[in-house]
Amino acid sequence: MHPETRLRHASSFGAAATAYAEHRPDYASAAVRWALEAAAGPRVLDLGAGTGKLTGTLVALGADVTAVEPDPAMLTELRRALPGVDARPGSAEAIPLPDASVDAVLAGNALHWFDMAVAGPEIARVLRPGGVVAGLWNVVDDRVGWVAGLERIGGTAAIGPRDTFSGWRAATADLATRFGAPEQAEFPHGQVRTADTLVATIATRAGVLVMPEPERAATLGRIRAFLASTPETAGGEFVLPMLTGVLRVKRLDKSAT
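Before going into details, it helps to say that this report is about the structure given with it. Note that the coordinates shown come from a computational prediction; the quantities given were computed from them, not determined experimentally.

Definitions and limits used
Residue positions are given per chain, counted from 1 along the sequence in the order it is written. With pLDDT at 70 or above as the cut-off, local features in this predicted model cover only qualifying residues; side-chain atom pairs require 80 or more to be listed or tallied, and sums for whole chains, interfaces and linings still use all residues. The side-chain quantities take in all heavy atoms of the structure and omit both hydrogens and water. Only DSSP runs of H or I with at least four residues qualify as helices, and only runs of E with at least two residues qualify as strands; both kinds are numbered from the N terminus onward. C-alpha atoms define the radius of gyration, and 2.2 Å times the number of residues to the power 0.38 defines the globule rule. Residue exposure (1.4 Å probe, protein chains only): buried if accessible area is under 20% of the type maximum, exposed if over 50%, otherwise partly exposed. Here, axes are lines fitted to C-alpha atoms. For helices the fit covers the stretch in contact, and angles between N-to-C directions go from 0 to 180 degrees. Here is the rule for angles: anything less than 35 degrees is roughly parallel, anything more than 145 is roughly antiparallel, 65 through 115 is roughly perpendicular, and the remaining ranges are oblique. Any two residues having at least one pair of non-hydrogen atoms within 4.5 Å are treated as being in contact. Residue type decides the class: Asp, Glu, Lys and Arg count as charged, Ala, Val, Leu, Ile, Met, Phe, Trp, Tyr, Cys and Pro as nonpolar, and the leftover types, Gly among them, as polar. Each polar contact in these results corresponds to two N or O atoms within 3.5 Å; when the atoms are within protein, one needs to be able to donate a hydrogen and the other to accept it, and residues that are neighboring in sequence are counted only if both atoms are side-chain atoms. Note on aromatic pairs: the rings of Phe, Tyr and Trp (six-membered ring only in Trp) are paired at centre separations within 6.5 Å, and the planes decide the class, stacked below 30 degrees, edge-to-face beyond 60, tilted for the rest.

Per the secondary structure count, the protein includes twelve helices and seven strands. Taken against the 2.2 N^0.38 rule, which gives 18 Å for 257 residues, the C-alpha radius of gyration of the protein at 18 Å falls within 12% of a compact globule. Along the longest, intermediate and shortest principal axes, the C-alpha atoms of the protein span 55 × 35 × 30 Å. Split into buried and exposed, the 257 residues of the protein put 54% on the buried side.

Turning our attention to the packing of helix α3 (residues 29–36) against helix α4 (residues 53–60). Look at α3 against α4: their axes get within 10 Å of each other, and the N-to-C directions meet at 75°. For the element pair α3 / α4, the angle class is roughly perpendicular. Residues S29, V32 and L36 of α3 form the contact with α4, whose participating residues are L54, T57 and L58. A per-class count over the contact of α3 with α4 returns four nonpolar, two polar and no charged.

As a further point, take the side chain of T204. Structurally, the position occupied by T204 is in the loop between α10 (195–202) and α11 (206–209). Of the residues examined, T204 reaches a relative accessible area of 1% and is grouped as buried. Residues contacting T204, with those up to four places away along its chain left out, are F13, A19, Y20, R24 and L209.

On the secondary structure map, R248 appears in strand β7 (residues 238–250). A relative accessible area of 6% places R248 in the buried class. A C-alpha to C-alpha distance of 14 Å links R248 and F187, two positions 61 residues apart in sequence. When sequence neighbours within four positions are dropped, the list of residues in contact with R248 reads W34, A35, E37, V132, V133, A134, P182 and E183. A polar contact of 2.6 Å, which involves the side chain of R248, links it to the backbone oxygen of W34.

Moving on to the packing of aromatic side chains. Counting across every chain of the model gives two aromatic pairs. A ring pair is formed by W34 and F187, whose centres lie 6.1 Å apart and whose planes are at 50°; its orientation type is tilted. Here W34 is found in helix α3, whereas its partner F187 is found in strand β6 (residues 183–193), with 153 residues between them in sequence. Residue class for W34 comes out buried when judged on its relative accessible area of 15%.

Right, here's the structure in full:
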């Protein structure tokens with residue numbers, strides 16, 4: 001993605017912060033536990049924390065969390081949902097924390113938006129030796145028939161391309177250069193939705209948020225019609241099958257910087 005396009009997409013979420021907080025899913029607890037299992041201590045930075053979807057799971061698992069988010073509207077929603085969390089304005093490129101102050105840096109559906117040439121050294125600066133860096137991504141499970149159909153109807157802008165570990169590694173290649181080759185794992189996840197709330201969820205994706213209004217309305221209309229005509233989704237609540245994918249790398253020593 002061209003840097004200007006990436007910036008436009010990355011900065012689109014604030015306009016939909018309230019809907020994002022209401023409709024986006026959390027992360028599979030097993031995935032978050034796996035991301036943290038090699039960390040040397042409990043201090044975790046949730047970087048690009050958004051409205052706190054990953055932050056909430058970290059808190060539930062007992063982590064000592066600092067959340068950093070650049071968008072004021074998203075940060076407002078995070079503070080409303082999790083008033084006890086240390087939530088600060090800042091970005092991956094300018095992290096408002098001291099050197100060697102956290103045991104883990106996690107990012108939920110965010111690492112691919114970072115300018116890694118700048119963010120990589122910043123992450124290395126705040127991470128202690130022996131610390132862990134992990135990216136987590138929620139994706140729909142297109143091995144399920146109706147989900148694959150939804151992808152065909154919605155298109156990549158609405159549903160996204162089928163994200164892969166190779167794609168995530170390419171987007172975050174600076175981490176491998178700086179810390180070493182990442183481990184990877186994938187965990188089942190799901191979100192209870194109705195047709196209306198799934199459309200509302202899809203409407204918070206960057207690819208939809210940046211669409212011209214006529215295109216956005218037409219795309220969401222096609223998706224709504226598909227869900228209304230599909231037995232699995234036409235009759236009220238259903239579970240949207242998802243996967244939480246994780247890339248995890250452990251910093252071995254200070255020479256990694």
